[in-house]
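Here is how the chains run, residue by residue.
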Amino acid sequence: MKTFRILSIDGGGLRGVVPLTILKRVEELTGKPIWQSFDLIAGTSTGGLIASALTLPKHTGVAEAKYSIKDIMDVYLQRGQEIFPPKKNAIGRFFNSANATINPKYSDKGIDKVFRDVCGNAKMNDALTHLLVCTYDLTNNVPLFFKTRSSKKHPDQNIEIYDICRATSAGPTYLPAYELKYPNNGELPDRLCIDGGVFVNNPSMAALSEFSKHYKEYGYESKDNDIQYEDVFVLSIGTGSYYGRITPQEAKYKGELFWATRISDVMMKGVNKTTDYGMKEMMVEGNYLRLTITIAKEEYSEMARADDEAAKYLIGETYNQVLNKKEEMDKLKDFLIKAELMSNDLV
């Protein structure tokens, strides 16, 4: 293998409809399913769920995906309310907000059912291409990366994809932390995991680092037995960010309740921009592409908003800002051509 291609998908709850919409266009341009186009797919939180679902086999040992992008999109559109059930009246919303000051906003019953239905009993080693999914382990106080490269070498790390998806999606304040067993390097195996977005919402740098250290295990070869970074490509897809500003009055004088509902988005935006800066500095020009949207209206930025109106807005803005925008589409086509995923004749 000479060319190595990485796909990175951000976290962002039900805003996962944004990367799914973009990935559908990527499949249309390349003429093949996403798992066949990328050698490593990395994801955090909702990105981890998408990465996992894209690589689930139809049957064990069969090189055919269980789900199309449309199938995965349907889970977001049709079953999002099972994970994040909306409160339909003012009284319900009031008691939900009051309860959320003490407990997670949502029970894990809905996410447990949806994720089990989607993932079945598939395990890491069943994935159709390499995976890297991020979570944070509170037991050992360490970032934890689930990697098929590791699970293929260590059978006790070949855990169910369901467990990985639950761990990476356990967003603080939204859902309970998730417990699982995962032995690794002498750490305590009884893990207590929360959403990987608390430290690496955009996992592109983590994926590039993983490949850079272990490239030989990924089958990459070159003439001088070292990485030629002009042969490495990274497509990073976000879930959108709301860029409204917190006022000086709010920042100076608001307390815990105000920040509890906003600090996650502030952290995610900072991490995403920092990672994007680092990737641009490290990667060969033209070999790294970041695609995402700006969310202009705060009411549509809520990661747990599960109604049709929010999904329609996010998908519409993905078309307006990316798919129907010539400059962005030219960048995507140039990237795919350079990565040898698309023929120049098709432009």
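Scroll up to find the structure this text is about.
Residues numbered from 1 in each chain as written. Predicted model: local features only at pLDDT ≥ 70, side-chain atom pairs only at ≥ 80, totals over all residues. Heavy atoms only, no water.

What follows deals with the environment of S212. Along the chain, S212 falls in helix 10 (residues 204-214). Separated by 2.8 Å, the side chains of S212 and Y229 make a polar contact. (Helix = DSSP H or I, 4+ residues; strand = E, 2+ residues; numbered from the N terminus. Polar contact = N/O pair within 3.5 Å; in protein donor to acceptor, adjacent residues only side chain to side chain.)

A few words on the packing of aromatic side chains. The geometry of an aromatic ring pair is captured by the separation of the ring centres together with the interplanar angle, meaning the angle of the planes. Considering all chains together, one arrives at 13 aromatic pairs under this definition. Considering the side-chain rings of F4 and Y218, the 5.5 Å spacing of their centres and the 75° angle between planes classify their relative orientation as edge-to-face. Of the two residues, F4 sits in strand 1 (residues 4-9) while Y218 sits in the loop between helix 10 and strand 7 (232-237), which places them 214 residues apart along the sequence. The exposure classification of F4 matches that of Y218, with both residues buried. A network of ring pairs unites the aromatic residues F4, F211, Y215, Y218 and Y220 as a single cluster. One residue, R116, lies across the ring of Y162, its end atom 3.9 Å from the ring centre. (Phe/Tyr/Trp six-rings, centres within 6.5 Å; stacked < 30°, edge-to-face > 60°. Buried < 20%, exposed > 50% of the residue type's maximum accessible area, 1.4 Å probe, protein only. Lys NZ or Arg CZ within 6 Å of the ring centre and 35° of its normal.)

Across all of its chains, the model carries 24 salt bridges by this definition. Between E160 and R116 there is a salt bridge; the shortest N-O distance is 2.7 Å. Pair noted here: E160 is in the loop between helix 7 (148-153) and helix 8 (161-168) and R116 is in helix 6 (residues 109-119), with a separation of 44 residues, a long-range link. Here R116 falls in the partly exposed class, since its relative accessible area comes to 30%. Of the charged contacts in the structure, one is a salt bridge between R191 and D137, with a shortest N-O distance of 2.9 Å. Note that R191 is positioned in strand 6 (residues 190-195) and D137 in strand 3 (residues 130-137), a separation of 54 residues in sequence. Using a relative accessible area of 1% as the deciding quantity, one classes R191 as buried. (Salt bridge = Lys/Arg side-chain N within 4 Å of Asp/Glu carboxyl O.)

Turning next to the pairing of strand 5 (residues 178-181). Successive side chains on a regular strand alternate, one facing one side of the sheet and the next facing the other. Side chains Y178 and L180 of strand 5 all project onto a buried face; the interleaved residues E179 and K181 project onto a face where none is buried. Pairing analysis gives 4 bridges linking strand 5 to strand 6, with the strands arranged antiparallel. Paired with K181 across the two strands is D190, which belongs to strand 6. (Pairing = 2+ DSSP bridges.)

Now for the environment of A42. Along the chain, A42 turns up in strand 2 (residues 40-44). Given the relative accessible area of 0%, A42 is considered buried. The contact partners of A42, leaving out residues within four places of it in the chain, are L7, S8, I9, A51, L132, P203 and A207. (Contact = heavy atoms within 4.5 Å.)

The next thing to look at is helix 14 (residues 308-323). Listed in full, the buried residues belonging to helix 14 are A310, A311, Y313, L314, E317, T318, V322 and L323. Packing partners of the buried residues in helix 14 comprise helix 1 (17-30), helix 4 (69-83), strand 9 (288-291), strand 10 (294-295) and helix 15 (326-338). Put simply, D307 is the residue that caps the front of helix 14, since its side-chain oxygen is 3.2 Å from the backbone nitrogen of E309.

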